[in-house]
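# Architecture at a glance
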Amino acid sequence: MSEQLPAPEFDHDNYARPNQAWTCGHAAEGRCCPLGPDRLGRCQATFECQPVLDLKPGETKGRWRCTRSGGVCELGPRPDGTCCRPIPPCSPRASLRWQRGRFTLAVMAASLAILLIVLGSPPLRDRLFNPGTVSQPHSGAAFAALAATNHLNMSCGACHLAGASGPRRIVHTAFAADPSPVELVKLFSAAPAEVTSLDGHCQTCHTSHSFHQVTVVTIACTYCHLEHQGAKMKAVGDAGCVFCHGNAGTMAAAATASQHMLPEAFQLDMVRHGLEFPAPHPAQGFTEVIHGFADDHPQFRFITDHWRDPDTLKFNHALHLTGSTIPDLPNGHKLDCTFCHQPDASGAFIAPVKFEQNCRVCHSLQFDPATPGLTLPHGRAEQVTAFLHSLPQQYQDYALRQGTNASELATFASGKLAQLRKVYGLGETLSQQVFLSTAKTGPDTQVGTVNGATRPVFPGCAYCHEVKHDAPGDYQVTTPVIYERWLNHAAFDHAKHTALACEKCHDAVHSTKTADVLLPARETCVECHSLRGGVVNTCATCHEYHKPLVARTN
Amino acid sequence: MKRFQKQFWLGTLVLVVASVAALLVHRDWHERLPAYAYISGWVLFGFMLLLALFNARKKLPFLPLGRSEQWLQLHIYGGFFTVVLFLIHLNFRLPRGGFEITLAVLFAIVTISGIVGLLLSRALPRRLQTRGGEVVFEKIPAIRHSLRQQAEKLALGGPGGSPIIAEFYVRRLAVFFAEPRNFWLHLQESRGPINRLLADLGDLRRLLSETDAAVLDQIATLTRQKDGLDYHNALQATLKLWLFVHLPFTYGLMLFTVWHIVLVYAFSGGAQ
């Protein structure tokens, strides 16, 4: 057993007590008081000794005796029994450890005070606890008015019950939440996109919350719509869509469910933009697994399903854009896409082509080479028949417009009719020429002109239109049906694509048939709408999720 | 040294492996687990509690809770891992909103002060060993007082003393011996002040008799000791003062964190 060494240089008269909260004020002078300060940092120094009263038998007063440890002092105790050598009191010094402890308490007290001040002031509370700017629709004056009608507070309390509560209520709400802070296991079993109580607050205002397909399971509003992301509500990300459309199981279940439902159940009540192509609902529904437009979005259906434009109008885009026989426009320019296809007022869509605006400039419907100013009406077949039956009157009206004297009108008309009869015939013969002649069968292959030449402009209606002729005088022209919207499930804005040339997406110069659907393939869109292309390519760029207002009112 | 290196490499290895594992878990699960933010938050809070328990462990030395040195290692490497967890919990984005920013600032203060403390506790003890052996920090005032008394006795000893030394002491040395000096210069390892003082003492020595020169030599020795004492005072105080930031703000952070948890649940989707 090793010998225990004595503590080195331990000075019993100079006991500094460095581990205690307070040290003697004389410690810095190397002469600590043996007693030291008390726990509260008060100096305990009194006198160098505590005299003892010696009382002999029979004495009543006795004698005070000095008990000084360093030896009896010369003067001895005072008559009242106190020591004659008082110790000068010191100012005890707090140890660093004590100071650190007090500073820690001060910081904690300050933290607590800040929290209580914030909690006690609703405006401060809203500002401090708000994790980000609330979107304008949920924070503006309109929302305040709407929130008031729904008996909700304008502030955080409109959506969060705790937002309109004090600290006690906030704590209570936290522990009443599902899951609560003590239900940690529940966190691991939480289902994704599960509808929560918060969604109920959304639907206080967003009534008739409906989804885009009947087979869709209800998911939480907050799964797709992220609030507190700035004044402009953040666009819905792909994650919300891929949650269902990227899940093979969900899609398979939806496909199975849709087989037992009538196609009408999936009829979209979209806000209509022009005449839409009546695309049939796919047998499996839209249940292909999709993770992103640039990744595995299916090819557009007009390609995969070989859609054909059923329009009966005979129009050759290639001829009009590249044909050598196509004359220049009155302004000297070549015919191009924009002459016929102009954006509508919104700019998002292309306005329908109009005969009077876009076609008549070339196709003047002139029928008498000697009278270029007199043209056939365009519209219903009955109007044309009536026009032909009233040719003498039409010639007289024309002459009147040209300033011919009234006495000469009849002569003018009979002369013109005689010339017409000589070349084309009149009555049923002329009607057949007007209605049924084509470029190959007509008396002249010159179809149109823009320079006022006097050549006849046959062929007739059948050159462009489907004309049915069952009996003499009975001509039926099928009205063209020009579909303006083909991909009805997606939104497209031409105004956002004006930087691109038309032919980049619409291969019109190679289209010779009306049946050609001149839309771009998915690959053309992906060139720009992809990570590589650098243009946004989220699902919401083209697709809507909720049924629009039209549907909600149904 | 060998043991320290072994500890360092083992701790670093564990830290790197744990961090990579945490990052991989984050990559694979942060979008798949609906309550991922809650889970990562609770894990982070657990680690913060563990780190805070180190201080409690120091206050309970009598309990069989493992060696303090092991706790310190756990505190250091656990602290670095907590930074990784904190970034994961934030999903590597900047904090948003007043409360989140306050929390993040508190976390940053605690983290940075901890790292500074670690660097100081690695660097300063080595430097202390090079200057004058061990000095108990709490005894520095007493030693300084003793040196001052000795110097005053030599310089202002009485009628037989040198008036030149007395004048020099009053003019230059009295202030030097009165209190700790050159705190920041000692931290920068600068010896400029003591060298200037000793040079002045050397200049003075040429004007003195042999007897007085011997006294001046003793004063010079005391001056060197006082400078060494100031050096110890500066470095040891620094070793203790960083805790004035680390500890109080740790408790402030814990208080704000608890309230953060309450707020998260109170404003969660599952709250009424």
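Quantities reported herein were computed from a predicted structural model and do not represent experimental measurements.

What follows is about the overall build of chain B. Counting its regular elements, chain B contains ten helices and zero strands. For 272 residues, the compact-globule estimate of 2.2 N^0.38 gives 19 Å, and chain B exceeds it by more than 25% at 27 Å. Principal-axis analysis of the C-alpha atoms places the extent of chain B at approximately 90 × 45 × 35 Å. Sorting the 272 residues of chain B into buried and exposed places 42% on the buried side.

This paragraph deals with the state of the cysteines. All names here are of chain A. Evaluation of the coordinates by the stated rule reveals zero disulfides over all chains. We note that Cys66 lacks a disulfide partner, and the nearest cysteine sulfur, in Cys73, lies 3.8 Å from it. Cysteine Cys90 is unpaired, with the sulfur of Cys24 as its nearest cysteine sulfur at 3.8 Å.

What follows covers the nonpolar core. Ranked by size, the top nonpolar core spans 40 residues in total, and within it A:Phe129, A:Ile170, B:Phe99, B:Leu253 and B:Trp259 carry the most contacts. For this core, the elements supplying multiple residues, two or more each, are α1 (96–120), α2 (122–129) and α4 (167–176) of chain A together with α1 (2–29), α2 (36–59), α3 (68–89), α4 (98–129) and α10 (243–266) of chain B. For this core, the element with the most residues is α10(B), which contributes nine residues. Core analysis: the second largest hydrophobic core is formed by 23 residues, B:Leu147, B:Phe168, B:Leu201 and B:Leu229 among them.

Turning our attention to the pattern of salt bridges. For the structure on display, the rule yields 22 salt bridges over all chains. Linking A:Asp38 and A:Arg42 is a salt bridge whose minimum nitrogen-to-oxygen distance equals 2.8 Å. Relative accessible area serves as the criterion here: at 18%, A:Asp38 is assigned to the buried category. Between B:Glu152 and B:Arg148 there is a salt bridge whose closest N-O contact spans 3.3 Å. With B:Glu152 and B:Arg148 both in helix α5 (residues 140–155) and four residues apart, this pair spans about one turn of that helix. Judged by relative accessible area, which is 29%, B:Glu152 ranks as partly exposed. Taking the relative accessible area as the measure of exposure, B:Arg148 reaches 32% and is therefore partly exposed. One network of salt bridges, with partners in common, ties together A:Glu48, A:Arg68 and A:Arg85.

So, on to helix α9 (residues 248–259) of chain A. All names here are of chain A. Taking 1.5 Å per residue as the helical rise, α9 with its twelve residues ought to reach 16 Å, and the 17 Å between its terminal C-alpha atoms agrees with that figure. Turning to α9, its buried residues number three or more, namely Met251, Ala254, Ala255 and Ser258. Seen from one end, α9 has its buried residues packed into an arc of 100 degrees, which puts them on one side.

Residue and element names in this part refer to chain A. Taken as a whole, this structure holds 22 aromatic pairs over all chains when the rule is applied. Ring centres 4.4 Å apart and planes at 5 degrees place the aromatic pair Phe435 and Tyr475 in the stacked group. Here the residue Phe435 occupies a position in helix α18 (residues 428–436), and Tyr475 occupies one in strand β6 (residues 474–477), the gap between them amounting to 40 residues. The exposure class assigned to Phe435 is buried, which follows from its relative accessible area of 0%. Judged by its relative accessible area of 5%, Tyr475 is buried. The structure contains a cluster of three or more aromatic residues connected by ring pairs, namely Phe277, Trp307, Tyr483 and Trp486.

Residue and element names in this part refer to chain B. Looking at chain B, the domain boundaries give domain 1 (3–130 + 239–271) and domain 2 (136–236). Here the C-alpha centre of domain 2 lies 46 Å away from the C-alpha centre of domain 1. Of the residues lining the interface, five residues belong to domain 1; the matching set on domain 2 comes to ten residues. Linking domain 1 with domain 2 are one salt bridge, by the criterion used here.

Quick look at the side chain of B:Lys226 now. Residue and element names in this part refer to chain B. Structurally, the position occupied by Lys226 is in helix α9 (residues 210–241). Lys226 gets classed as buried once you look at its relative accessible area, which sits at 0%. Apart from residues lying up to four places away in sequence, Lys226 is in contact with Arg144, Leu147, Phe176, Phe177, Glu179, Pro180 and Arg181.

This part covers the packing of helix α15 (residues 381–389) of chain A against α18(A). All names here are of chain A. Contact geometry of α15 with α18 gives a least axis separation of 11 Å together with a crossing angle of 145 degrees. Of the two elements, α15 crosses α18, and the hand of that crossing is right-handed. The residues of α18 that touch α15, namely those facing Ala381, Val384, Thr385 and Leu388, are Leu430, Ser431, Val434 and Phe435.

Before going further, it helps to examine the interface of chain B and chain A. If you look at the interface, chain B gives 39 residues, while chain A gives 51 residues. Summed over both partners, the interface of chain B with chain A buries about 3900 Å², with 75% contributed by carbon and sulfur atoms. Counting across the chain B and chain A interface gives eight residue pairs in polar contact (both at pLDDT 80 or more). Breaking the side of chain B that touches chain A down by element, the ones donating at least two residues are α2, α4, α5 and α10 of chain B. In terms of residue count, α10(B) provides more of the side of chain B that touches chain A than any other element does, 14 residues in total. Split into classes, the residues belonging to the side of chain B that touches chain A amount to 25 nonpolar, nine polar and five charged.

For the rest of this paragraph, the subject is the confidence of the model for chain A. Residue and element names in this part refer to chain A. Chain-level statistics for chain A give a pLDDT mean of 83 and a share of 87% at 70 or above. Taken element by element, chain A is modelled with least confidence in helix α22 (residues 549–552), mean pLDDT 40, and with most confidence in helix α20 (residues 522–528), mean pLDDT 95. Contacts of residues 452–456 to residues separated by more than four positions or lying in other chains number 15 contacts, the stretch itself having pLDDT below 50.

This part is about the environment of A:His225. All names here are of chain A. Within the element layout of this structure, His225 appears in the loop between α7 (221–224) and α8 (238–245). Note: C-alpha distance between His225 and Gly347 (122 residues apart in sequence) is 28 Å. Residue contacts for His225: discarding those within four places in its chain leaves Met233, Val236 and His546.

Once that is clear, we can look at the packing of α3(B) against α4(B). Residues and elements named next belong to chain B. For the pair α3 and α4, interaxial distance at closest approach is 11 Å and the crossing angle is 145 degrees. Seen from above, α3 lies across α4 with left-handed handedness. Side by side, α3 and α4 meet where Gln73, Ile76, Phe80, Thr82, Val83 and Phe86 of the first sit next to Ala104, Phe107, Thr111, Ile115, Leu118 and Arg122 of the second. For the contact of α3 with α4, the residue count by class is eight nonpolar, three polar and one charged.

Here we come to unusual backbone geometry. Put simply, A:Asp178 and A:Pro179 share a cis peptide bond, and its omega is 0 degrees. One can find A:Pro179 in the loop between α4 and α5 (184–188). Not every positive phi belongs to a glycine, and A:His306 is a case in point at roughly 55 degrees. Within the secondary structure layout, A:His306 lies in the loop between α11 (301–304) and α12 (317–322). With phi around 55 degrees, B:Asn91 is a residue other than glycine that occupies positive phi space. Structurally, B:Asn91 is set in the loop between α3 and α4. Relative accessible area serves as the criterion here: at 38%, B:Asn91 is assigned to the partly exposed category.

Conventions used here
- Residues numbered from 1 in each chain as written.
- Chains lettered and ligands numbered in written order.
- Predicted model: local features only at pLDDT ≥ 70, side-chain atom pairs only at ≥ 80, totals over all residues.
- Heavy atoms only, no water.
- Helix = DSSP H or I, 4+ residues; strand = E, 2+ residues; numbered from the N terminus.
- Rg over C-alpha atoms; globule rule 2.2 N^0.38 Å.
- Buried < 20%, exposed > 50% of the residue type's maximum accessible area, 1.4 Å probe, protein only.
- Disulfide = S-S within 2.5 Å.
- Core = buried A, V, L, I, M, F, W, Y, C linked by side-chain atoms within 4.5 Å.
- Salt bridge = Lys/Arg side-chain N within 4 Å of Asp/Glu carboxyl O.
- Expected span 1.5 Å × (residues − 1).
- Arc of directions from axis to C-beta.
- Phe/Tyr/Trp six-rings, centres within 6.5 Å; stacked < 30°, edge-to-face > 60°.
- Domains from an automatic or database assignment.
- Contact = heavy atoms within 4.5 Å.
- Axes fitted to C-alpha atoms, helices over the stretch in contact; angles between N-to-C directions.
- Left-handed = near helix turned anticlockwise from the far one by under 90°.
- Buried area = accessible area lost by both parts, 1.4 Å probe.
- Polar contact = N/O pair within 3.5 Å; in protein donor to acceptor, adjacent residues only side chain to side chain.
- Nonpolar A, V, L, I, M, F, W, Y, C, P; charged D, E, K, R; others polar.
- pLDDT = per-residue confidence, 0-100.

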